[in-house]
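Listed below, chain by chain, are the residues.
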Amino acid sequence: DTIPARHLAAGSGSFRAGAARIDITPIPGIAMGGHSIIGQVGRGYWSRLHARAVYLEDAKGRGIALVQADLWSIAGGLSDRVAYLLATQPDLLAKLGDRRLGREQIVLAATHTHHSPGLFSTDPFFATFSAPESGFDEHLFEFLAQRIAWAVAEAVERARPAQVYERQARVAGAFRNRSMPAFRADPEAADILASNADLPPCEPRPDYPDPEACRGIDPRVVTLRVESASGGLIAAIVVFAAHPTLVSHLSTVYSADLHGAVAVDLERSLAAAPGPDGTPGAPVVAVFNGAEGDVSGVWTGQTREDVLRVAGAIVDRVEPPLRGSPTQGWRRVDGDVAFRFERVDLRGQRVDDPRLGSGYTAWIPMPGRATIEGAEDGRSHAPRCLFREGKRGLDLGPQGTKVG
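Numbers given for residues are sequential positions, taken from 1 along each chain in its written order. Confidence filtering applies because this is a predicted model: local features only for residues at pLDDT of at least 70, side-chain atom pairs given and counted only at 80 or more, and all residues used for totals across whole chains, interfaces and linings. As a rule here, side-chain values come from all non-hydrogen atoms in the structure, and water together with hydrogens is ignored.

Q: Go over the packing of helix H1 (residues 76–88) against helix H4 (residues 138–157), please, and point to the residues and values.
A: Interhelical geometry of H1 versus H4 gives an angle of 55° and a closest axis separation of 9 Å. With respect to H4, the axis of H1 lies oblique. Crossing angle aside, the handedness with which H1 passes H4 is right-handed. Note on element contacts: H4 touches H1 through Phe-141, Glu-142, Leu-144, Ala-145, Gln-146, Ile-148, Ala-149, Val-152 and Ala-153, opposite Gly-77, Leu-78, Arg-81, Val-82, Leu-85 and Leu-86. Residue classes in the contact of H1 with H4 are distributed as eleven nonpolar, two polar and two charged. Axis definition: a line fitted to C-alpha atoms, limited for helices to the stretch in contact. Angles are taken between N-to-C directions and run from 0 to 180 degrees. Comment: elements are numbered from the N terminus, with helices defined as DSSP H or I runs of at least four residues and strands as E runs of at least two. Angles below 35 degrees are treated as roughly parallel, those above 145 as roughly antiparallel, those between 65 and 115 as roughly perpendicular, and all remaining angles as oblique. Throughout, a crossing is termed right-handed when the near helix is turned clockwise from the far one, and left-handed when it is turned anticlockwise from it by less than a right angle. For this analysis, residues touch if any pair of their heavy atoms sits within 4.5 Å. Polar here means any residue other than Ala, Val, Leu, Ile, Met, Phe, Trp, Tyr, Cys and Pro, which are nonpolar, and Asp, Glu, Lys and Arg, which are charged; Gly is therefore polar.

Right, here's the structure in full:
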């Protein structure tokens, strides 16, 4: 169905914000996505899965919904379905008031936890290969879409005058690069390693032998502080880039993994104390994943202890400033809201780079070795003599050498 066009609210004359959190944990028995054929079927849960929505609206009535979901991915069809429900479902429209959110006003992002349900992808490739079972569960798809749309509508309904502040911090010992040979081939690798020379090196391990792995990363954690006009904390948005694979692929329970642990820890801690305005609150903490690439959390055994240790290191850097004054080390960023949505064809596009020369993107997807062997934090049982780091195949011209 066609998503109805947006209708902006009448401008209130002030910046507004609202937030909501809703449980999206499915019933047991669904194959989990992210680890492909070596994944497991969810038989319960360790930590609940949630969708967290933060709605920001400028003084002219232009709003955007930022939604973080504890899922392994976001299917394009799921985003479209959420937008359609928000534009047509009566109970949701009642919460939105005179607003009709367009598709371009909704940013729906997955944390990429590999212990969330699969089988809801609208892409045939991922519907077939992302989980240990193949297929599309229309009831699961609709359950997720309805719950996520409800979180957005709740956030819009709760919007009130607010300010937004931003700050960044660097976290040591939490992240590492899991594919250093490929990373070192990138032209910017040397500059990244030099910029992180102050970070401690990794302790070499069989799958992570390069001590520089803890420097081949982006160690930044970005925090947005969303507080009411009276000073109470409405929400916090936390962004860092890392694969949340601190729980082993052998686990048979749903889990929000690293990003979920950071969110829950911060929400419990911030709710336990009154805000700057003296009133108790229960702020929503939406933890978004960044451009994770081959960056993972620093684990030793992929256990619960690893999750809590790395999450604790991040929380220790994020929580104290959230309890303090926004005038100390924070930059105010609320203002005009702008949005744009466009579908871009990536096939066969010319790429010019002054360092690498010219080339073209692929006409069909070219999966890497991890499709068969698995990554360093989730190996399959495929023989490593067949699939290994640095293995090369046929020369495909501008695409270089590939293994089919």
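Q: Any details on the packing of aromatic side chains? Residues and values, ideally.
A: Ring pairs are drawn from Phe, Tyr and Trp, using the six-membered ring of Trp, whenever the two centres fall within 6.5 Å, and their geometry is named by plane angle: stacked under 30 degrees, edge-to-face over 60, tilted for the rest. Across all of its chains, the model carries seven aromatic pairs by this definition. Ring geometry for Trp-72 versus Phe-120: centroids 6.5 Å apart, planes at 55°, classification tilted. Highlighted residues: Trp-72 in the loop between strand S4 (63–69) and H1 and Phe-120 in the loop between strand S6 (116–117) and helix H3 (124–129), separated in sequence by 48 residues. An identical accessibility class is assigned to Trp-72 and Phe-120; each is buried. Residues Phe-136 and Phe-141 carry aromatic rings whose centres are separated by 5.4 Å and whose planes lie at 50° to one another, so their mutual orientation is tilted. One aromatic cluster is present, formed by Trp-72, Phe-120, Phe-125, Phe-126 and Phe-129 through successive ring pairs. Think of it as a cone above the ring: NZ of Lys or CZ of Arg counts as a charge over the ring if it is within 6 Å of the ring centre and within 35 degrees of the ring normal. The ring centre of Tyr-45 lies 4.4 Å from the NZ or CZ of Arg-48, which sits over that ring. Looking at Arg-176, its charged tip hangs above the ring of Trp-299, at a distance of 5.0 Å from the centre. To sort residues, take the accessible area from a 1.4 Å probe on protein chains only and compare it with the maximum for the residue type: under 20% means buried, over 50% means exposed, and anything in between is partly exposed.

Q: Lay out the nonpolar core in plain terms, naming residues and giving numbers.
A: Taken as a class, soluble globular proteins show a tendency for nonpolar side chains to be buried jointly. Each nonpolar core is a collection of buried residues, namely Ala, Val, Leu, Ile, Met, Phe, Trp, Tyr and Cys, held together in the definition by side-chain atoms within 4.5 Å. One finds Ile-24, Leu-71, Leu-78, Leu-86, Phe-120 and Val-152 to be the most contacted residues of the largest nonpolar core, which totals 46 residues. Breaking this core down by element, the ones donating at least two residues are strand S1 (16–23), strand S3 (50–57), S4, H1, helix H2 (90–96), strand S5 (106–110) and H4. With eleven residues, H4 is the largest single contributor of residues to this core.

Q: Before we move on, can you summarise the environment of Phe-141 with the specific residues and values?
A: Within the fold, Phe-141 resides in helix H4. Note on Phe-141: relative accessible area 10%, which makes it buried. Each C-alpha atom of the pair Phe-141 and Ala-75 lies 9.7 Å from the other, and the pair is 66 residues apart in sequence. Apart from residues no more than four positions distant in its own chain, Phe-141 is found in contact with Gly-77, Leu-78, Arg-81, Phe-120, Thr-122 and Phe-136.

Q: Give a detailed account of the side chain of Glu-292, specifying residues and quantitative values.
A: Along the chain, Glu-292 falls in the loop between strand S11 (284–289) and strand S12 (295–297). This count recognises Lys and Arg as positive and Asp and Glu as negative, with His and chain-terminal groups excluded. Note on definitions: salt bridges are taken to be side-chain nitrogens of Lys or Arg within 4 Å of carboxyl oxygens of Asp or Glu. Despite being buried, Glu-292 has no salt bridge partner; Arg-178 is the closest side chain of opposite charge, sitting 6.7 Å away. Within the structure, Glu-292 has its side chain in polar contact with the side chain of His-243 (distance 3.4 Å). Excluding anything up to four places from it in sequence, Glu-292 contacts His-112, Ala-241, Ala-242, His-243 and Pro-244. As used in this structure description, the phrase polar contact means that two N or O atoms lie within 3.5 Å; if the pair is within protein, one of them must be able to donate a hydrogen and the other to accept it, and residues adjacent in sequence are counted only when both atoms belong to side chains.

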